[in-house]
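Chain by chain, the residues:
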Amino acid sequence: MPSIDATELFAPLGASYDRVGAALSFGQDPLWRRFLVSRLPRDGGHVVDVATGTGLVAAELLGRGHRVTGVDQSAEMLVRARQRFSDRVELVEASAEAMPFADAAFDHLTVTYLLRYVDDPGATVGELARVTRPGGVVASLEFGVPDGLARPAWELYVRAGLPLAGRALRKGWREVGDFLGTSIREYWERYPLEGQLQIWSAAGIEDVEVRKLSLGGGVVMWGRRA
Ligand SMILES: C[S@@+](CC[C@H](N)C(=O)[O-])C[C@H]1O[C@@H](n2cnc3c(N)ncnc32)[C@H](O)[C@@H]1O
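The following paragraphs examine the structure supplied in this document. Computed from a prediction, not measured in an experiment: that's the story for all the values here.

Quick look at the site of the ligand now. Taken together, 21 residues are adjacent to the ligand, and A51, G53, S74, A96 and T112 come closest. Where the shell around the ligand is concerned, the elements lending two or more residues are α1 (6–10) and α4 (56–63). Partitioned by chemical class, the residues of the shell around the ligand number eleven nonpolar, seven polar and three charged.

Moving on: helix α6 (residues 121–130). Listed as buried for α6 are T124, V125, L128 and A129. Viewed end-on, α6 has its buried residues packed into an arc of 145°, placing them on one side of the element. Close packing links the buried residues of α6 with β1 (46–50), β4 (108–112), β5 (137–143), α9 (193–202), β6 (205–213) and β7 (218–225).

A few words now on the sheet that holds β4. Working definition: the strands of a sheet are paired by backbone hydrogen bonds and lie parallel or antiparallel to each other. Ordered by their spatial adjacency, seven strands build an open sheet running β3-β2-β1-β4-β5-β7-β6, and the pairing between neighbours is mixed. A single partner strand is all that each edge strand has here, and the edge strands are β3 (90–93) and β6. Averaged over all pairs of adjacent strands, the angle between strand axes in this sheet comes to 15°, irrespective of strand direction. Direction of pairing for β5 relative to β7: antiparallel, over a ladder of seven bridges. Bridging from a neighbouring strand, L141 pairs with V220 of β7. Along the sheet, helix α3 (residues 29–38) contacts β4, β5, β6 and β7; its crossing angle with β7, the most-contacted strand, is approximately 15°. Against the sheet, α9 engages β6 and β7, with an angle of about 150° to β6.

Further remarks concern the pairing of β5. Most of β5 sits out of view: seven of its seven residues are buried. Burial along β5 is two-sided: V137, A139, L141 and F143 and V138, S140 and E142, pointing in opposite directions, are all buried. Bridging between β4 and β5 involves four bridges; their strand directions are parallel. When the sheet's bridge partners are listed, T112 is paired in β5 with L141.

This paragraph deals with the packing of α6 against α9. For the pair α6 and α9, interaxial distance at closest approach is 9 Å and the crossing angle is 40°. By the criterion of interaxial angle, the relationship of α6 to α9 is oblique. Pair α6 / α9 crosses with right-handed handedness. Facing α6, whose interface residues are P121, G122 and V125, α9 presents I199, W200 and A202. Residue composition of the contact of α6 with α9, grouped by class: five nonpolar, one polar and no charged.

Within the largest apolar cluster, 49 residues are counted, with the highest numbers of intra-cluster contacts made by V50, L109, L114, L128, V138 and V220. The contact partners of V50, leaving out residues within four places of it in the chain, are V71, A96, L109, V111, L114 and L128.

Helix packing geometry: the angle between the two helix axes and the distance between the axes. Two elements in contact, α3 and α4, have axes separated by 10 Å at closest approach and are oriented at 50°. When the axes of α3 and α4 are compared, the pair comes out oblique. Between α3 and α4 the crossing geometry is right-handed. Residues R33, R34, L36 and V37 of α3 touch α4, and the partners they reach there are L56, V57, E60 and L61. Broken down by class, the residue content of the contact of α3 with α4 amounts to five nonpolar, no polar and three charged.

Thresholds, definitions, all that
Residues numbered from 1 in each chain as written. Predicted model: local features only at pLDDT ≥ 70, side-chain atom pairs only at ≥ 80, totals over all residues. Near = placed C-beta within 6 Å. Helix = DSSP H or I, 4+ residues; strand = E, 2+ residues; numbered from the N terminus. Nonpolar A, V, L, I, M, F, W, Y, C, P; charged D, E, K, R; others polar. Buried ≥ 20, exposed ≤ 12 C-beta atoms within 10 Å, placed from the backbone. Arc of directions from axis to C-beta. Contact = placed C-beta atoms within 7 Å. Pairing = 2+ DSSP bridges. Axes fitted to C-alpha atoms, helices over the stretch in contact; angles between N-to-C directions. Parallel < 35°, antiparallel > 145°, perpendicular 65-115°, else oblique. Left-handed = near helix turned anticlockwise from the far one by under 90°. Core = buried A, V, L, I, M, F, W, Y, C linked by C-beta atoms within 7 Å.

In structure tokens, the structure reads:
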């Protein structure tokens, strides 16, 4: 499914990612990350943050008293995470599709904006479930496609606003601006919510709940590892 190489896409973005990402979502995605992290019990458990990037979700987890391990395949994104955390978060350069951890190694798991970049989302969700202990929470955040009256505004933004912003920002953001809207739209066409719920269920994640945020621009899903 991916029409782009995520390793290449993210390589130039580490230094500007935090600032530009928040601006391009009109300040919404920091709020979505906070909601994502609030789905986990405040039990001080060990959380693996998958596709941790520059560590924005990992920072929220640390702030809530968790022990945190971050995983990402991009060495460049992890450079920024290392600057942020020094040795407070263990950072592992690895693919989310085959993580170098034992079964049930973590109490809980968070994952953000990953599944549009993998070949087989079902297999990857299975891998996320594998490293989470039974009873632990698996929580994910992904961009969504708003419904109803918000849809035309979203289409205008991703078809015109984002590509223009990407060209103005340069430093790798042009590719993001051109790619993101199509990537999000195609992902939800191929894996509508019912299909994603089936994937989670097949992976052994139960009691799954979904919350659409900011008119559906962000979608948080969470459930318990059976
Ligand atoms: C949009 S960033 C999200 C970063 C961070 N979680 C956040 O909330 O902003 C997506 C991240 O997924 C990582 N990524 C993409 N495909 C991956 C894979 N197969 N395995 C591990 N990381 C991957 C990219 O390197 C990038 O850092």
